[in-house]
Amino acid sequence: MLNKISEINCFDGKLDAINRLSLNLPAEASMLRLIARPTLQPERRAEINIVMRDLGIKTLKEADCIRYQRHQDNEYPKRFTFVESWENRELWRKHMEGPAISEFNKKISGGILDCELQEITKIA
């Protein structure tokens, strides 16, 4: 059975209550949604892009990750946007302190110039 929104392209992330229950997804109110926008060192963009791809593959395998999408800015290719949904804040913090992030940080050391992190709440 599918259990991650990223695997359900036909719904485009918009699940009604029946679909949410059938997929065993958490209630909307308890989910943590994040937008992360890292800006990469231009000369390391290709290298870090591969490391970010690998992080995404590992993260999507984590049971508590509901959505993990990586997007690249069309106008500024050194800028990326990550869209994440987690069961709750505690489980996201566990991920941030876990081996996948630790390995990622070692591999990209100094390669991210800036990162904006935004927590969002679905209102409609």
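Above this text is the structure in question.
Residues numbered from 1 in each chain as written. Predicted model: local features only at pLDDT ≥ 70, side-chain atom pairs only at ≥ 80, totals over all residues. Heavy atoms only, no water.

Draft legend 1. The pairing of strand 1 (residues 32-40), seen in detail. Of all nine residues that make up strand 1, eight are buried, and the element is covered over most of its length. Across five bridges, the pairing between strand 1 and strand 3 (residues 80-86) is antiparallel. The residue of strand 3 that forms the bridge with leucine 32 is tryptophan 86. Strand direction decides the pairing type here: strand 1 and strand 4 (residues 112-120), joined by eight bridges, are antiparallel. Bridge pairing links isoleucine 35 to glutamine 118 in strand 4. (Buried < 20%, exposed > 50% of the residue type's maximum accessible area, 1.4 Å probe, protein only. Helix = DSSP H or I, 4+ residues; strand = E, 2+ residues; numbered from the N terminus. Pairing = 2+ DSSP bridges.)

Draft legend 2. Quick peek at the sheet that holds strand 4. In space, the four strands of this open sheet follow the order 2-3-1-4, with antiparallel pairing throughout. With partners counted over all chains shown, the strands left at the sheet margins are strand 2 (65-72) and strand 4, one partner each. The average undirected angle you get between the axes of adjacent strands in this sheet is 15°. Bridge analysis of strand 2 against strand 3 gives seven bridges, and the strand direction is antiparallel. Looking at strand 3, one finds that cysteine 65 is bridged to tryptophan 86. Its contacts with the sheet place helix 2 (residues 45-60) against strand 1, strand 2 and strand 3, and it is angled at close to 165° to strand 2. Of the strands in this sheet, strand 1, strand 3 and strand 4 touch helix 3 (residues 89-96), which is tilted by about 130° from strand 3. (Axes fitted to C-alpha atoms, helices over the stretch in contact; angles between N-to-C directions. Contact = heavy atoms within 4.5 Å.)

In short, the description is geometric, and any link to function would need to be established separately.
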